[in-house]
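Listed below are the residues making up each chain.
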Amino acid sequence: MIWVETVIQGLLLGGLYALFAAGLSLVFGIMRLVNLAHGDLIVASAFLILMVVEFSGLNPFMSALIAAPVLFGFGYVLQRVVLNRVLGNDILPPLLVTFGLSVALQNGMLELFSADSRRLPAGGLENQSLNIGLATVGTLPLMTLASAVIAIFLLNRLLYATALGRAFRATSDDPVTASLMGIDPKRIFALATGLAMVVVTLAALYLGMRSNFDPSIGPARLIYAFQAVIVGGLGSLWGTLAGGPIIGVAQTLGAQINPEWQILSGHLAFLIVLILRPRGLFPRARD
Amino acid sequence: MNLLETRALTASYGQFRALFGVDFRIEPGEVVAIIGSNGAGKTTLLRSITGILRQTPDMVIHRGEAIGAMAPDRIMQRGISMVPEGRMLFPSLSVDENLRIGAQARRGAGRWVLETVFDLFPILLERRNSPATALSGGQQQMVAIGRALMSNPELLLCDEISLGLAPVVIRDIYAALPLIRESGAAMVVVEQDIARALSIADRVYCLMEGRVTLEGRATDVTREAIHAAYFGTQEKVQP
């Protein structure tokens, strides 16, 4: 019985990892851009939500709703002004630039918010739990997983059932030919990064309510996000939704065996998938 | 007034000079063929017109306006649409989506909508939900032409639409061109098959090594003149 409960806890933890990963997956899927600052952007977004909470007195959910359009705009401008200039056939320049952005963000946050760890006030939500028969689960982890499923479902609908999504996929296939269709690839990429920042806001909301955060924790979130994306298969959003819980379950199972093994078992699961299925579990048909 | 013209158009890829002062013009509703061997600069000319290769502004003039330095998406929105060499369909998109994306930047109403494209190429209606790249080469070419038509262009640029296709398929595709012309679009047809190009064109240009070596009405140019322009030599008369 303890193992069933452990797996359920792992699935719920995986919901958070899937949220971390969804924005990364979206950006990689559309423009083959590996954003090394993704984890730091999540942390920075959590700080922004915290600032809104402190200034306005609103709860974190409402504050995230206010932060989301701001972060969309930030993502749009970041892509338009910085990242579009380095995208090309060579993958090294965008890696270097996002790595630099990561360092700059961490130091900027340290300067602004100090190294103290902070938390978004969830108003007691973090202590509530539900009995779902097999196990008692926290309300907040359950909401995290549900949000991950809904976010990825909506992103998929956007990609496959709207004109904008069609333009996203066409630009991802071939930006030059897309421009012959009257599409401006630079604008499409900027919209994609803006959209990814909205997902990042959601990830930041749950990260900040579930645990403490400080300016230094971004890179570790990036690793989990990366692992979820790669386990699921590069460029596949549903794969990312599966990848998060796989890493999460591996971590809780490892922790159940020995508490020191939590992070290690997540990495081991990642390595095993890489060895058995180098392209991930649900790779896109074509890359 | 000319619909579009190039003035002393030059183009280079790095050190390699592909076009040397090409003067080209097309009038509204006209069909112009561009012939020439591989590497003559035909595709480079189309890439310069569509903005994929940026030029100095006044090298390309559309309706009196210098567009040589515009981005491809803005040029397309002016009503200049391209069927690229190699078809370049979007593999992630179905046939239906490939056609619809052609109308993404549509300029007002016109003859070409999904239904009329399916009338033009009925086979595409049967295959509309297939991934575009699952189609045969000829069917893919039909999608590429339909996709370019969906924006109701006033100028359609066709780059080597018969390349790599079986003769019977080429015949079907060329049978559609007069219907496209009836809709009022001017067409530039880049083609290596000289006879086929001349059969549908009002005027013809021949390019060789980046220069125009022949320009004339399709009915006026002689076989000998084309041979000289195409190969740069006089045709040897067989005894």
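What counts, and at which threshold
- Residues numbered from 1 in each chain as written.
- Chains lettered and ligands numbered in written order.
- Predicted model: local features only at pLDDT ≥ 70, side-chain atom pairs only at ≥ 80, totals over all residues.
- Helix = DSSP H or I, 4+ residues; strand = E, 2+ residues; numbered from the N terminus.
- Rg over C-alpha atoms; globule rule 2.2 N^0.38 Å.
- Buried ≥ 20, exposed ≤ 12 C-beta atoms within 10 Å, placed from the backbone.
- Contact = placed C-beta atoms within 7 Å.
- Pairing = 2+ DSSP bridges.
- Axes fitted to C-alpha atoms, helices over the stretch in contact; angles between N-to-C directions.
- Core = buried A, V, L, I, M, F, W, Y, C linked by C-beta atoms within 7 Å.
- Right-handed = clockwise from strand over helix to strand, strands pointing away.
- Nonpolar A, V, L, I, M, F, W, Y, C, P; charged D, E, K, R; others polar.
- pLDDT = per-residue confidence, 0-100.

Peer 1: Looking at this structure, I do not really get the overall build of chain A. What am I missing?
Peer 2: Summing up its helical and strand segments, chain A has eleven helices and two strands in all. Along chain A, from the amino end to the carboxyl end, the secondary structure elements read α-α-α-α-β-β-α-α-α-α-α-α-α. The C-alpha atoms of chain A give 19 Å as radius of gyration, which agrees with the globular expectation for 287 residues (19 Å, within 12%). Considered along the principal axes of its C-alpha atoms, chain A spans approximately 60 × 50 × 35 Å. Within chain A, the proportion of its 287 residues that are buried is 51%. Counting contacts in chain A only where the partners sit at least 6 residues apart, residues at least 24 apart contribute 75% of the total.

Peer 1: Just checking my understanding: could you explain the sheet that holds strand β5 (residues 65–66) of chain B for this structure?
Peer 2: Paired through backbone hydrogen bonds, the strands of a sheet run either parallel or antiparallel to each other. Residue and element names in this part refer to chain B. Pairing within the open sheet is antiparallel, and its four strands lie in the order β2-β1-β4-β5. Among the strands making up the open sheet, the edge pair consists of β2 (16–26) and β5. Where strand β4 (residues 60–62) lies against β5, two bridges are found, and the strand directions are antiparallel. Each bridged residue has a counterpart across the sheet, and for His62 the counterpart in β5 is Glu65. Contacts from helix α1 (residues 42–50) reach β1 (4–13), β2 and β4 within the one sheet, and its direction differs from that of β2 by about 70°.

Peer 1: Looking at this model, I keep getting lost on the nonpolar core. Mind explaining?
Peer 2: Across soluble globular proteins, nonpolar side chains show a tendency to be buried alongside one another. All names here are of chain A. Ranked by size, the top nonpolar core spans 157 residues in total, and within it Ile49 and Ala192 carry the most contacts. For this core, the leading source of residues is helix α8 (residues 185–210), giving 18 residues. Discounting chain neighbours no more than four positions away, the residues touching Ile49 are Pro60, Ser63, Ala64, Ala67, Leu120, Ala204, Leu205 and Gly208.

Peer 1: Explain the pairing of strand β9 (residues 203–208) of chain B here, please?
Peer 2: Residues and elements named next belong to chain B. In this sheet, β9 lies alongside strand β3 (residues 31–35) in parallel orientation, the contact comprising four bridges. Bridge pairing in β9 links Ile34 to Tyr205. As judged from the six bridges shared by β9 and strand β10 (residues 211–217), these two strands associate in the antiparallel manner. In the strand pairing of β10, Arg203 is matched with Arg217.

Peer 1: Sorry, what's going on with the pairing of strand β8 (residues 186–191) of chain B here?
Peer 2: Moving residue by residue along a regular strand, the side chains alternate between the two faces of the sheet. Residues and elements named next belong to chain B. The element β8 is largely enclosed, with a buried count of six among its six residues. Neither face of β8 is open: one carries Ala186, Val188 and Val190, the other Met187, Val189 and Glu191, and all of them are buried. Strand direction decides the pairing type here: β3 and β8, joined by five bridges, are parallel. Residue pairing across strands places Ile34 opposite Val190, the latter belonging to β8. For strand β7 (residues 155–159) and β8, the ladder comprises five bridges, and the chain directions are parallel. Along β8, the bridge assignment pairs Leu157 with Val188. The β-α-β motif built from β7, the intervening helix α7 (residues 167–182) and the parallel element β8 has right-handed crossover chirality.

Peer 1: Would you mind showing me how to read the sheet that holds β3(B) here?
Peer 2: All names here are of chain B. Taken together, six strands build an open sheet; the order of strands is β6-β7-β8-β3-β9-β10 and the sheet is mixed. One side of each edge strand has no neighbouring strand; the edge strands of this open sheet are β6 (80–83) and β10. Neighbour-to-neighbour, the strand axes of the sheet open up by a mean angle of 15°, direction not taken into account. The strands touched by helix α6 (residues 137–149) within the sheet are β6 and β7, with β6 carrying the most contacts at an inclination of about 175°. On the sheet, helix α9 (residues 223–231) packs against β3, β9 and β10 and is oriented at approximately 35° with respect to β9.

Peer 1: Whenever I open this one, the interface of chain B and chain A confuses me. Can you help?
Peer 2: Many structure descriptions define interface size as the accessible area lost when the parts assemble. Listed per partner, the contact involves 21 residues of chain B and 17 residues of chain A. Listed by contribution, the elements that provide at least two residues to the side of chain B that touches chain A are α2 (72–77) and α3 (95–102) of chain B. Across the side of chain B that touches chain A, the residue classes break down as twelve nonpolar, six polar and three charged.

Peer 1: Would you mind showing me how to read the confidence of the model for chain B here?
Peer 2: Do not read the fine detail of predicted coordinates wherever pLDDT is low. Scored by pLDDT, chain B comes out at a mean of 91, with 97% of its residues at no less than 70. Both scores are available for the predicted complex, with the pTM at 0.91 and the ipTM at 0.91.

Peer 1: Please clarify how the environment of Thr201(A) should be interpreted in this entry.
Peer 2: Residue and element names in this part refer to chain A. Checked against the element boundaries, Thr201 lands in helix α8. Judged by local crowding, Thr201 falls into the buried class, with 27 C-beta atoms found within 10 Å. Taking the C-alpha atoms as reference, Thr201 lies 6.5 Å from Ala64; in sequence the two are 137 residues apart. When sequence neighbours within four positions are dropped, the list of residues in contact with Thr201 reads Ser45, Ala64, Ala67, Ala68 and Leu71.

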